[in-house]
Amino acid sequence: MASDNIFSGLKVVDLASFIAGPGAATILSDFGADVIKVEPPAGDFWRNAHKLPPQPQAKDAYQWHLANRNKRGMTLDLKSPSAQQVLERLVKWADVLIVNTPHPARKKLKLEYDDVVQWNPRLIYADLTGFGEKGPDANLPGFDITAYWARSGLLSMTRDAGAPPTWPVAGSGDNATAVGLYSAIVTALYRRERTGKGSYVTTSLLAEGVWSASVSIQAALCEAKFFELHDRRNPANAALNVYRTSDGWFVLIVTPDKVAAVAGAIGRPDLLTDPRFSDPAKLMQNMPQLAAILDEIFGGQPMSHWQEVFSGVHVTFGAVRGPQEVVDDPQLSLNDIVVPLEGAGGKLTSTISSPIQVHGVTKVSARRAPALGEHNEVVLEQLGFSAAEIDGLHGSGAVPKAKERTAAAAG
């Protein structure tokens, strides 16, 4: 029941764009929060990003519904003088305000924390930046490819030796950051529950990227000696490597306690006594030879064979899958990772739930994202504007009159 959800009654204004900020609001909405998505009159650019290569192309705005499901939508031109009265009422209504507008523009729009907290001292003001709030690059625009991936060091490390950095999966850094921003919001809500005080919470794509790369960044902090970039034919450890079967690729992780069992399971117990590999010093020198032997062995059988072999000795083994294979994985539906999506139309009948489950709590059923300005009138009425005032806001352009929703407009 929606009334039993954790965040039922929590009111959220999502003023953010693209993925990370809206993604944090989506997680809150999954657990019952009432989220109002506020966009500029032209709409959030992410509405149409499914048409931009190299994004997988489709008629359905799949990525828009993913980042903005379960929200009500309104448009607001913050540059209009009349917009301040709407912003003020939204802030007074809200428990949480999520913003990712660059600070120079935010200052001009009177959208900084100090501008809005006077209207609502209990407000949780959630600020997302590219590179943090201080330093010479604090005001630079940031996307996950630049701030999360490139600046953090992740992009330099997630490639093989001799290969240039490659373009990461769209939104991967953003979605990780969304969970971080959600965590900051929930932490602030807990503080407010205990003290009655609102909070200004923040994270950045850079901070989240460094956190994701923290094992290596921590190593750099203590001046550890790094191995060269991974080369599957010349690995630092042949037991932690990527190998090819006769019909695909897989990742193999063999811990020291499993080496003998694996050698027996693949029919090569002789590798344990081979002088090239039995002595630790020689093993390090002969990793390419061991990797080549394993390559030949694994390449002789299909993936299904090796899955059975490694399952028998309880070794960590992971087939490398593409998106079209991932969606058929029964683990996704059985664990509510993929859930039904209501009302989006087209081929959008399911979506990806947020990666958090609370036992005994059923998430809100996923509903389509709003059309541009779809709930303008309803929200303005809820905020206490009269019919005449709403007409005035339409006339000033602060809140453009929404067009009638069509199947195309829904995306």
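Residues numbered from 1 in each chain as written. Predicted model: local features only at pLDDT ≥ 70, side-chain atom pairs only at ≥ 80, totals over all residues. Heavy atoms only, no water.

It is at 7 Å that the axes of helix α1 (residues 20-30) and helix α8 (residues 172-195) come closest, and there the two elements cross at 55°. In terms of their interaxial angle, α1 and α8 are classed as oblique. Here α1 runs over α8; the crossing is right-handed. Touching A20, G21, G23, A24, I27 and L28 of α1 are D174, T177, A178, V179, L181, Y182 and I185, all from α8. Here the residues of the contact of α1 with α8 are counted per class, giving nine nonpolar, three polar and one charged. (Axes fitted to C-alpha atoms, helices over the stretch in contact; angles between N-to-C directions. Helix = DSSP H or I, 4+ residues; strand = E, 2+ residues; numbered from the N terminus. Parallel < 35°, antiparallel > 145°, perpendicular 65-115°, else oblique. Left-handed = near helix turned anticlockwise from the far one by under 90°. Contact = heavy atoms within 4.5 Å. Nonpolar A, V, L, I, M, F, W, Y, C, P; charged D, E, K, R; others polar.)

This part is about the packing of aromatic side chains. Summed over the entire model, instances satisfying the criterion amount to 17 aromatic pairs. On the basis of an interplanar angle of 70° and a centroid distance of 5.4 Å, the ring pair of Y113 and Y125 is categorised as edge-to-face. In this pair, Y113 sits in helix α5 (residues 113-116) while Y125 sits in strand β5 (residues 124-129), placing the two residues twelve residues apart along the sequence. Given the relative accessible area of 18%, Y113 is considered buried. Ring centres of Y125 and Y200 lie 5.0 Å apart, and the angle between their planes is 75°; this geometry places the pair in the edge-to-face category. Here Y125, found in strand β5, pairs with Y200, found in strand β6 (residues 199-204); they are 75 residues apart in sequence, far enough to count as distant. An aromatic cluster is defined as three or more aromatic residues linked by ring pairs; in this entry it consists of Y243, F250, F298, W306, F310 and F317. Here the basic side chain of R89 rests over the ring of F385, its NZ or CZ set 3.9 Å away from the ring centre. (Phe/Tyr/Trp six-rings, centres within 6.5 Å; stacked < 30°, edge-to-face > 60°. Buried < 20%, exposed > 50% of the residue type's maximum accessible area, 1.4 Å probe, protein only. Lys NZ or Arg CZ within 6 Å of the ring centre and 35° of its normal.)

Moving on: the sheet that holds strand β7 (residues 240-244). Spatial ordering of the open sheet is given by β7-β8-β9, a layout of three strands whose pairing is antiparallel. With one partner strand each, in any of the chains shown, β7 and β9 (316-319) form the two edges of the open sheet. The average angle at which neighbouring strand axes cross in this sheet is 20°, direction not considered. Across the sheet, helix α14 (residues 287-298) touches β7 and β8 (249-253), and the angle it forms with β7 is around 40°. On the sheet, helix α15 (residues 303-312) packs against β8 and β9 and is oriented at approximately 160° with respect to β9. (Pairing = 2+ DSSP bridges.)

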